[in-house]
Amino acid sequence: MHKFFCNYNILTQKYELTNMRGFKSMTTIQAENTLLPEIKQTIQQLYENIVLIKEEEKDEERLNLLDETELMISNLYYSLFATPLELIEEKPTTKANLKICLNLSSNLLKLINIPEYSRLCLLIQNNINSLLA
């Protein structure tokens, strides 16, 4: 598992996950304690919504894109936290899941400032955008 750091981005005025070490203070440590669980929860929600969308989808091409997206989400989660995603238990379905997924992937892009992970988040977001079109 990689070592990640929490740095304050003065342009966005928010804390973000990065692989660069910065000045450590109690504020940064406190932000790390809330940032990592937020990223973990966001990825889990994104995964759950993609699985729900897959259950309703009938088109083979869209199913392949959803499978690819699900795999990228799993890889992102595992590479950040070295644990697998939790499987979903409840089965609520909604037509707005794709828009929720788009918002969640945008949120991940804001929270993660590590090039290889940001690129994976962007690919996930692109797949969701193509499913919305």
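One structure accompanies this document, and this report is about it. (Residues numbered from 1 in each chain as written. Predicted model: local features only at pLDDT ≥ 70, side-chain atom pairs only at ≥ 80, totals over all residues. Heavy atoms only, no water.)

**Some details on helix 3 (residues 97-111)**
Stated formally: The way it works is that DSSP assigns letters per residue, a run of H or I at least four long becomes a helix, a run of E at least two long becomes a strand, and they are numbered from the N terminus. Expected helix span is given by 1.5 Å per residue-to-residue step, counting one fewer step than there are residues. A 1.4 Å probe rolled over the protein chains alone gives each residue an accessible area, and that area as a share of the maximum for its type sets the label: buried under 20%, exposed over 50%, partly exposed in between. It is the directions from the helix axis to the C-beta atoms that the arc portrays.
Its 15 residues place the ends of helix 3 21 Å apart at the C-alpha level, agreeing with the 21 Å of an ideal helix rising 1.5 Å per residue. For helix 3, the complete set of buried residues consists of Asn-97, Leu-98, Cys-101, Leu-104, Ser-105, Leu-108 and Leu-111. Down the axis of helix 3, the buried side of the element spans an arc of 140°, and every buried residue falls inside it. The exposed set on the far side of helix 3, more than 90 degrees from its buried face, consists of Lys-99, Asn-103 and Lys-110.

**Side note on the packing of aromatic side chains**
The geometry of two aromatic rings is summed up by the distance between their centres and the angle between their planes. Our working rule: Whether two aromatic rings pair depends on their centres lying within 6.5 Å, for rings of Phe, Tyr and Trp, where Trp uses its six-membered ring; planes under 30 degrees apart make the pair stacked, over 60 edge-to-face, and the rest tilted. Lysine and arginine charges are scored as sitting over a ring when NZ or CZ, respectively, is within 6 Å of the ring centre and within 35 degrees of the ring normal.
Summed over the entire model, instances satisfying the criterion amount to 1 aromatic pair. For the ring pair Tyr-77 and Phe-81, a centre distance of 5.2 Å and an interplane angle of 50° mean the geometry is tilted. Remark: Phe-81 and Tyr-77 occur in helix 2 (residues 60-81); sequence separation between them is 4 residues, near one turn of the helix. Residue class for Tyr-77 comes out buried when judged on its relative accessible area of 4%. Residue class for Phe-81 comes out buried when judged on its relative accessible area of 13%. Seen from the ring of Phe-81, Lys-40 lies directly overhead, with NZ or CZ sitting 5.2 Å from the centre.

**Some points on the packing of helix 3 against helix 4 (residues 115-132)**
Stated formally: Interaxial angle, 0 to 180 degrees, is taken between N-to-C directions of lines fitted to C-alpha atoms, where a helix line uses only the stretch in contact. For classification, angles of less than 35 degrees are called roughly parallel, those exceeding 145 degrees roughly antiparallel, those between 65 and 115 degrees roughly perpendicular, and all remaining angles oblique. Each crossing gets its handedness from the near helix: less than a right angle anticlockwise from the far helix is left-handed, clockwise is right-handed. Note on contacts: a residue pair qualifies if any of its non-hydrogen atoms lie within 4.5 Å across the two residues. Each residue gets one label: Ala, Val, Leu, Ile, Met, Phe, Trp, Tyr, Cys and Pro are nonpolar, Asp, Glu, Lys and Arg are charged, and the others, such as Gly, are polar.
One way to put it is that helix 3 packs onto helix 4 with a least axis distance of 9 Å and a crossing angle of 160°. When the interaxial angle is binned, helix 3 and helix 4 end up roughly antiparallel. For the element pair helix 3 and helix 4, the recorded crossing hand is left-handed. In contact with Leu-98, Lys-99, Cys-101, Leu-102, Ser-105, Ser-106, Leu-108 and Leu-109 of helix 3, helix 4 contributes Ser-118, Cys-121, Leu-122, Gln-125, Ile-128, Asn-129, Leu-131 and Leu-132. Residues belonging to the contact of helix 3 with helix 4 are distributed by class as follows: 10 nonpolar, 5 polar and 1 charged.

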